[in-house]
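# Observations on chain architecture
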Amino acid sequence: YGGMGLDFSYNIAVAEELGNIRCAGVPMAIGVQAGMATPALTRFGSHELKKQFLIPTIAGDFVACLGVSEAAAGSDVANIKTTAVRKGDEYVINGGKMWITSGSQADWMCLLANTSEGPPHQNKSLICLPMNLPGIHVAKKIDKLGTRSSDTAQIFFEDVRVPCKNLIGEEGKGFTYQMLQFQEERLWGVALALAPLETVIQETIDYTRQRKVFGQPVLHNQIVHFRLAELATEVELLRSLLHRAVALYVEGNDVTKFASMAKLKAGRLTREVTDSCLQFWGGMGFTSEVLVSRFYRDLRLISIGGGTDETMLSIICKYMEILPRK
């Protein structure tokens, strides 16, 4: 269908390189296209759906978005309220989605909706939804703290009709398909964070070396250069965890625990690195003129998007069997 047929480790290599872009919104948009909106279609979609949606998306002729999160259902995917009711050979969609990356300009959405009244983990389906259909309303482009160049939209659906043939895989399997996709999304997010963290540390070293306070470079204070050494070590540990998880995933193993650990560590480490480094920049760090202040805002999303830190901790606890089973 136009792809290169490479394994997932190549996605991670690309993601690490994209981290060198000094604007988090750009690699995020590429990540949605390559690793969030398309994996379920690639794995479970019909040949006709792949021809209609996957081929032009891989070619770059279509922009794709993922419609999962809602105002009352972010990390709690099972709680989504959007419905797709089958009427004849069509689904009629009502509801809304929130925080949709590329939502204002997308040609189609990989939509997660409730297609039956059954249990919340068995009543959801994924549907390829063209974004030019009547009843789709892009309410607004959301004004955000960080990743301000990213097109993040709120979208409403009012009696939107889409052919039932646009269903990805089996009806009722959408939650399962989405959980599979989340593992790749989270590993991609970790990979994207590595280069920005290294860049922030190196730029802080360069700045504190030339910035003098009380007659000596800021870098020459032991508390400063020891802290930077600690942070660089933490980044390398995160990279090692990521590469271990990816290697196991490529071999066909369940890496939910390791992916969740890596995602948790990435979110917390980006906050730790950017906060510590911004402090060493002093007043200059509080301006919009330096990269550290941008990454301080942009990378804060890692602890929220794609599953919060708290969600990652819950998953890790489950796999470690720390909590009693209900």
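Since the structure is predicted, the reported quantities are computational estimates derived from the model, not experimental observations.

So, about the environment of Glu170. Along the chain, the position of Glu170 falls in the loop between strand 8 (167-168) and helix 5 (174-210). On the accessibility criterion, Glu170 (47% relative accessible area) is partly exposed. Along the chain, Glu170 and Ser125 lie 45 residues apart, while their C-alpha atoms are 7.4 Å from each other. Those residues within four positions of Glu170 in sequence are excluded, and the remaining contacts are Ser125 and Tyr177.

A word on the nonpolar core. Residues Leu187, Leu242, Val273 and Cys277 are the most contacted members of the largest nonpolar core, which totals 43 residues. Among the elements that take part in this core, helix 5 stands out by supplying 11 residues, more than any other. Contacts of Leu187, omitting those with residues within four sequence positions, involve Phe8, Ile12, Leu242, Ala245, Val246, Val255 and Ala259. Ranked by size, the runner-up nonpolar core spans 24 residues in total, among them Ala64, Leu66, Tyr177 and Phe182.

Here Leu301 is to be found in the loop between helix 8 (291-298) and helix 9 (309-320). By relative accessible area, which is 34% here, Leu301 ends up partly exposed. Taking the C-alpha atoms as reference points, Leu301 and Val26, 275 residues apart in sequence, are found 14 Å from one another. The residues touching Leu301, leaving out its near neighbours within four places in the chain, are Met28 and Thr147.

It is worth spelling out the UniProt feature "domain: Acyl-CoA dehydrogenase/oxidase N-terminal" (unreviewed entry) in the protein at this point. Here, the residues flagged by UniProt with the feature "domain: Acyl-CoA dehydrogenase/oxidase N-terminal" (unreviewed entry) are residues 1-61. The span residues 1-61 shows a helical share of 67% and a strand share of 0%, and its end C-alpha atoms are spaced 13 Å apart.

Glancing now at the pairing of strand 2 (residues 83-87). For a regular strand, the rule is simple: side chains alternate between the two faces of the sheet. Taken together, the five bridges between strand 2 and strand 3 (residues 90-101) define a ladder with antiparallel strand orientation. Within the sheet, the bridge partner assigned to Lys87 lies in strand 3 and is Glu90. Connecting strand 2 to the antiparallel partner strand 3 that follows it, the hairpin turn spans two residues, and Gly88 within it adopts a positive phi of roughly 70°.

Bringing the pattern of salt bridges into the picture now. Any two side chains of opposite charge can pair, given that their charged atoms come close. Following the criterion strictly, the structure yields 18 salt bridges and no others. Between Glu184 and Arg43 there is a salt bridge; the shortest N-O distance is 2.5 Å. One end of the pair, Glu184, is in helix 5; the other, Arg43, is in helix 3 (residues 39-44), with 141 residues separating them in the sequence. Relative accessible area serves as the criterion here: at 11%, Glu184 is assigned to the buried category. You can call Arg43 partly exposed: its relative accessible area is 35%. In this structure, Arg294 and Asp298 form a salt bridge, with 3.9 Å as the shortest nitrogen-oxygen distance.

So, on to the packing of helix 5 against helix 7 (residues 256-281). With their axes 9 Å apart at the nearest point, helix 5 and helix 7 run at an angle of 20° to one another. Compared by their axis directions, helix 5 and helix 7 come out roughly parallel. For the crossing formed where helix 5 meets helix 7, the hand is left-handed. Across the interface between the two elements, Gln183, Arg186, Leu187, Val190, Ala193, Leu197, Val200, Ile201, Glu203, Thr204, Tyr207 and Thr208 from helix 5 touch Thr256, Ala259, Ala262, Lys263, Ala266, Leu269, Thr270, Val273, Cys277, Phe280 and Trp281 from helix 7. Here the contact of helix 5 with helix 7 is built from residues that sort into 15 nonpolar, five polar and three charged.

What counts, and at which threshold
- Residues numbered from 1 in each chain as written.
- Predicted model: local features only at pLDDT ≥ 70, side-chain atom pairs only at ≥ 80, totals over all residues.
- Heavy atoms only, no water.
- Helix = DSSP H or I, 4+ residues; strand = E, 2+ residues; numbered from the N terminus.
- Buried < 20%, exposed > 50% of the residue type's maximum accessible area, 1.4 Å probe, protein only.
- Contact = heavy atoms within 4.5 Å.
- Core = buried A, V, L, I, M, F, W, Y, C linked by side-chain atoms within 4.5 Å.
- UniProt positions renumbered as here; feature names shortened; annotations may be inferred.
- Pairing = 2+ DSSP bridges.
- Salt bridge = Lys/Arg side-chain N within 4 Å of Asp/Glu carboxyl O.
- Axes fitted to C-alpha atoms, helices over the stretch in contact; angles between N-to-C directions.
- Parallel < 35°, antiparallel > 145°, perpendicular 65-115°, else oblique.
- Left-handed = near helix turned anticlockwise from the far one by under 90°.
- Nonpolar A, V, L, I, M, F, W, Y, C, P; charged D, E, K, R; others polar.

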